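The lines below spell out each chain.
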Amino acid sequence: MKVGYARVSREEQHLELQLAALKAAGCEQIFTEKIKSVKDQRPQLDQSLKYVRPGDTLVVWRLDRLGRSLKNLLEIMGFLEERGIEFQSLTEHLDSSSPSGKLIFHIFVSVAEFERALTIERTHAGLAAARARGRKGGRPRGKAFNAPQKIATAQALYNQ
């Protein structure tokens, strides 16, 4: 079964055009929403992801209609792959049910893993460089907690 998802954030994006393309692609169920892409909550996308079953195909008009960012898109595509759900983007001619589509799908996932590894590597290098300069990570202690009277009061309360 093919399940469509259409999203518009502005009037010029023509919801009717997306719906016509999804219907022409054979979508039996179509979820639509008018929402800005920067919002985290996209209830119709969530509904469509709950609706699709293993063996189904989630179809979008263009990749940018599905994900807000590359990271978000890769998360969604990874979720689909884990559940055995195929993916199809009509404009980019991306279809994860074909061998070449699966290759592109896996390249996307590999790029995401590479990006994550680089981020971790840069973070560790930055922390090591800061330590070498004598900087310590974490939240700085407030001066109020270093006062002898405060320490004595806290110790007395703790002992009780």
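Everything numeric in this text was worked out from a predicted model, so none of it was measured. (Residues numbered from 1 in each chain as written. Predicted model: local features only at pLDDT ≥ 70, side-chain atom pairs only at ≥ 80, totals over all residues. Heavy atoms only, no water.)

### A short note on the sheet that holds strand β2 (residues 29-34)
The strands that make up a sheet pair up through hydrogen bonds in the backbone, lying either parallel or antiparallel.
Logical step 1: Here five strands make up an open sheet; going across it, the order is β2-β1-β3-β4-β5 and the pairing mixed. The open sheet terminates on both sides in strands that have one partner only, identified here as β2 and β5 (94-95).
Logical step 2: Here six bridges tie strand β1 (residues 2-8) to β2, and the two strands are oriented parallel to one another. For Val-8, the partnering residue across the bridge sits in β2 and is Lys-34.
Logical step 3: Here helix α1 (residues 15-24) sits on the sheet in contact with β1, β2 and β3 (57-60), set at roughly 170° to β1.
Logical step 4: The strands touched by helix α2 (residues 43-51) within the sheet are β1, β2 and β3, with β2 carrying the most contacts at an inclination of about 160°. (Pairing = 2+ DSSP bridges. Helix = DSSP H or I, 4+ residues; strand = E, 2+ residues; numbered from the N terminus. Contact = heavy atoms within 4.5 Å. Axes fitted to C-alpha atoms, helices over the stretch in contact; angles between N-to-C directions.)

### With respect to a nonpolar patch on the surface
Logical step 1: A contiguous nonpolar surface patch, about 410 Å² in accessible area, is contributed by Leu-70, Leu-103, Ile-104, Ile-107 and Val-111.
Logical step 2: A total of four residues in the nonpolar patch trace back to one element, the largest contributor, which is helix α5 (residues 99-132). (Patch = residues over 30% accessible without salt bridge, like charges linked within 9 Å, V, L, I, M, F, W, Y side chains within 5 Å. Areas by Shrake-Rupley, 256 points an atom, 1.4 Å probe, with all protein chains shown as cover. Salt bridge = Lys/Arg side-chain N within 4 Å of Asp/Glu carboxyl O.)

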